Each structure stands twice: as structure tokens, then as C-alpha cells.
Amino acid sequence: MARFEEVQMTIAESAKNYLDIYNMQVLIEQFTLDREGRFSLTLPNMEQPFPVSATVSFIYDAFQTGMTLYEESTTDEDSDVDTSVELEFTVKLPIMKDYPDIEALIEEVSEEYPDTEPILTIREIIGSDEPFKEYEIHYSYNIEPEDATDSELFDEIFQELKEIMELIYERTENYIDQSWYSGEE
């Protein structure tokens, strides 16, 4: 089983081949010692505030972390414990007024990338002026232990993420311009 740090560096290397990493965190839960690696990504050459961004995270529970700290005397076939790594993706859509047809956008992502099985979440934010909604697309991949450091696999995954983010940006770019810059005229 690959160590947490090995998986983290494999993800970072593959991600930076396709996207810009603007934040990388490791969170350790105080009592269970579960570890979470979290990467915040955006399309290359975008400036803040990022219209489209993504977060990729994975968790090693305390057992998985412990398994990587010593040489195993048993093989993976002998163990009934799942040591796979689940990569969770959250793609944040731009905050805008007068959104395009979000359901059609999700359907397009689902048709273009059927392995992702995207799920849309909507949060309504009540602010001082008027309420607005935040949209996020979630999907995940389960990585088998023997593939946890396979850079070719991660390259494919991050190329797909980049394509999804570009698709979302292309479909929302006019709405972003209308929402963000209409007040500057």
C-alpha cells in the first residue's frame, strides 16, 4: 500500500501538468489521526477571483496510515480490509446572477464524461442585498491500492477534470461577464 505522502505527491505532480494548484493542505484529525489531503485547483492562467475552481481530496483513515508505516507480512489477498483510496472532486461553478440552464450543463457533463456520475448541489446564500445560489458538481473515483501511485492514471483523471472545468467555463463565460462586470459600466 502506498504511503499517504506518495499518493499526495503523485496527485500534485499530475494535477500541475493540467491545472494550477493554488492551495494544498494536509489535515490531521486530532483523535483518530485520519489524514486528509486537499488540493485547490483552477484552470491555467486564471486570475483571482477564480470563476471556476475545483477541490480534490482524499482521506487515509488511521488504519490505512498505520498499514503504510510498517512492512506488511500478509499480502493484500489475505486482508479483508479495503485499502483503496477515494478521490473526491468538487467543481465550484462561478457565482452569478441569471444562471444558464444548470440542469442542461450537468446533463452535458454527464454525457461527455459518463464515468464521473456528477451530482449537483445548490446552496442558497442570503446576503444583505438579495439571495444568491452557489452551485457545485461532485463526483469521485475509487483508486485501487496498486494504482495509488500510477501517474498515468492520475494524468488521465486530471486531464478529464481540466476538460470538465473548461466546458463549464465556456458555457458560463458570458454569464460571468454580465454578472461580474455589469456594475462597472
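Described below are features of the structure shown in this document. (Residues numbered from 1 in each chain as written. Predicted model: local features only at pLDDT ≥ 70, side-chain atom pairs only at ≥ 80, totals over all residues. Heavy atoms only, no water.)

## Side note on the sheet that holds strand E4 (residues 85-92)
Overall, antiparallel pairing links the 6 strands, which are arranged E1-E2-E3-E4-E6-E5 in an open sheet. Because the sheet does not close on itself, it has two edges, and the strands there are strand E1 (20-28) and strand E5 (119-125). Averaged over all pairs of adjacent strands, the angle between their axes in this sheet comes to 20°, without regard to strand direction. Strand direction decides the pairing type here: E5 and strand E6 (residues 132-143), joined by 7 bridges, are antiparallel. Note on E6: the bridge partner recorded for Thr121 is Glu136. Packing of helix H1 (residues 4-18) onto the sheet brings it into contact with E1, strand E2 (35-42), strand E3 (53-60) and E4, and relative to E2 it is tilted by some 5°. (Pairing = 2+ DSSP bridges. Helix = DSSP H or I, 4+ residues; strand = E, 2+ residues; numbered from the N terminus. Axes fitted to C-alpha atoms, helices over the stretch in contact; angles between N-to-C directions. Contact = heavy atoms within 4.5 Å.)

## Points about the packing of aromatic side chains
Applying the stated criterion across every chain, the model contains 8 aromatic pairs. Between Phe4 and Tyr60, the ring centres sit 5.6 Å apart and the planes meet at 80°, which makes this aromatic pair edge-to-face. Note that Phe4 is positioned in helix H1 and Tyr60 in strand E3, a separation of 56 residues in sequence. The residues Phe4 and Tyr60 share a single accessibility class, namely buried. (Phe/Tyr/Trp six-rings, centres within 6.5 Å; stacked < 30°, edge-to-face > 60°. Buried < 20%, exposed > 50% of the residue type's maximum accessible area, 1.4 Å probe, protein only.)

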